[in-house]
Amino acid sequence: MNRTIGVVMCVLVLGITACNDAKKEEDNSVMETEKMEMADKQQQATEMEKMEEEKKAMAIETSITGKAISNKDLSTLVTALKAADLATMLSEPGNYTVFAPSNQAFSKLPEGTVDALLKPENKENLQSILKYHVVSGQITSDKLMEAIKGGNGKYTFKTVTGKELTAMMDGDQYVIHDSRGEKSEVVLGSVEASNGIVYIINDVLMTK
C-alpha cells in the first residue's frame, strides 16, 4: 500500500514538474516571439526614419537653396541667405519664385555694401532686401510672357514683402523693374526647383 502511494506521488510530482517545464517553455517561446516582433518593429521604424531623412535630404538638394548652392555664380547670394536665416525657408516645401542676383549683381553695389549687410546688426535690412526678390507662387517663363502680353507690355506683381516688381520685355530679354525704376535683366530662367522657380538676374533689386 505504502509502495503504491509512493509510486502515485512520484507520478504526480513528475507530472507537475513536466507541466511546469512545458509552461516555462511556452512562456519563453512567447517572450522570444515578442522580442522578435519588437525587433522587427524597431527595424521598420529605423528604415522608415532613414527613408524620411533621405527624402528630406533630396528635397533640400533640389530646393531653391540647393540649386543656389550648386551654382558657383550664386555663392554671394547663398552667403547672404545664410546670414539672413532665409536659407532654411527656401529649402523647405513651399511654392516660390525667386529672382536670384548673381555674384556679378552683388559686385555692382557700392564698395563695402555686401560686407556691411552681412553683419549681424544689419540682419533685418538684409532680410528685407532678399525677400524683395521672392514671390509667392510659381511664375514660369511661359506664365510670365503671357502676363506681360496680357498687361500691354508689363506685368506688376507683389513680392513676399508686399512691395511690387514689374516684369517687361526688352527685345527677347526679360527685365525686372524695382520700385526705384531700376531694371535688372534675367540672364537665366526659369530653373525649376522642388519648391519653386529660380530666375538669375544681373542686378540687385531695391525698394525706394
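Residues numbered from 1 in each chain as written. Predicted model: local features only at pLDDT ≥ 70, side-chain atom pairs only at ≥ 80, totals over all residues. Heavy atoms only, no water.

A. Highlighting the overall build of the chain. From N to C terminus, the chain includes seven helices and seven strands. Listing the helices and strands of the chain from first to last along the sequence gives α-α-α-β-α-α-α-β-α-β-β-β-β-β. Each of the 208 residues in the chain was classed as buried or not, and the buried ones make up 29%. A separation threshold of at least 6 residues defines the contact pool for the chain, and within that pool the share at least 24 residues apart is 63%. For the chain, the exposed surface amounts to about 13500 Å²; the carbon and sulfur share of it is 53%. (Helix = DSSP H or I, 4+ residues; strand = E, 2+ residues; numbered from the N terminus. Buried < 20%, exposed > 50% of the residue type's maximum accessible area, 1.4 Å probe, protein only. Contact = heavy atoms within 4.5 Å. Areas by Shrake-Rupley, 256 points an atom, 1.4 Å probe, with all protein chains shown as cover.)

B. Representation of the packing of aromatic side chains in the model. Within this structure, the stated rule accounts for three aromatic pairs. Look at Phe99 and Tyr199: their rings are 5.3 Å apart centre to centre, the planes differ by 15 degrees, and that puts the pair in the stacked class. Taken together, the positions of Phe99 in strand β1 (residues 96-101) and Tyr199 in strand β7 (residues 196-201) put the pair 100 residues apart, joining distant regions of the chain. One aromatic cluster in this structure is built from Phe99, Tyr155, Phe157 and Tyr199. (Phe/Tyr/Trp six-rings, centres within 6.5 Å; stacked < 30°, edge-to-face > 60°.)

C. Seen up close, the sheet that holds β1. Sheet architecture is open: seven strands sit in the order β2-β1-β7-β6-β5-β4-β3, paired in mixed fashion. With partners counted over all chains shown, the strands left at the sheet margins are β2 (134-136) and β3 (154-158), one partner each. For this sheet the average axis-to-axis angle between neighbouring strands, irrespective of direction, equals 30 degrees. (Pairing = 2+ DSSP bridges. Axes fitted to C-alpha atoms, helices over the stretch in contact; angles between N-to-C directions.)

D. Unusual backbone geometry, seen in detail. Gly189 connects to Ser190 through a cis peptide bond whose omega is -10 degrees. Within the secondary structure, Ser190 is located in strand β6 (residues 183-193). With a phi angle near 55 degrees, Asn152 is a residue other than glycine that sits in the positive phi range. Turning to its location among the elements, Asn152 is positioned in the loop between α7 (141-150) and β3.

E. Seen up close, the nonpolar core. Ile64, Leu77, Leu81, Val98, Leu130 and Val204 are the most contacted members of the largest nonpolar core, which totals 27 residues. With sequence-adjacent residues up to four places away left out, Leu130 is seen in contact with Leu77, Ala80, Leu81, Ala84 and Leu86. Of all hydrophobic cores here, the second largest spans 16 residues; its members include Phe99, Ile139, Ile148 and Leu205. (Core = buried A, V, L, I, M, F, W, Y, C linked by side-chain atoms within 4.5 Å.)

F. A look at the pairing of strand β4 (residues 164-170). Relative to β4, β3 runs antiparallel, the two sharing five bridges. Pairing of Lys158 across the sheet is with Glu164, part of β4. As judged from the five bridges shared by β4 and strand β5 (residues 173-177), these two strands associate in the antiparallel manner. Bridge pairing in β5 places Asp170 opposite Gln173. In textbook terms, the turn of a hairpin is the stretch between consecutive antiparallel strands, and for β4 and β5 this stretch comprises two residues, one of which, Gly171, has a positive phi near 70 degrees.

G. Region of the structure containing the pairing of β1. Of all the six residues making up β1, six are buried; the element is thus mostly covered by neighbouring parts of the structure. Along β1, one buried face is formed by Tyr96, Val98 and Ala100 and the opposite face, lined by Thr97, Phe99 and Pro101, is buried too. Of the strand pairs in this sheet, β1 and β2 are connected by three bridges, and their pairing is antiparallel. Paired with Thr97 across the strands is Val135, a residue of β2.

H. Layout of the pattern of salt bridges. Under the definition given, this model contains four salt bridges. Close ionic contact of Lys108 with Asp203 constitutes a salt bridge, the shortest N to O distance being 3.3 Å. You can see Lys108 sitting in the loop between α4 (103-107) and α5 (113-117) and its partner Asp203 sitting in the segment after β7, a full 95 residues away along the chain. The exposure class assigned to Asp203 is partly exposed, which follows from its relative accessible area of 22%. For Lys183, the salt bridge goes to Asp170, with nearest N and O atoms at 3.4 Å. Separated by 13 residues along the polypeptide, Lys183 in strand β6 and Asp170 in strand β4 bring together distant segments of the chain. When its relative accessible area of 42% is taken as the criterion, Lys183 is described as partly exposed. Since its relative accessible area comes to 40%, Asp170 is described here as partly exposed. (Salt bridge = Lys/Arg side-chain N within 4 Å of Asp/Glu carboxyl O.)

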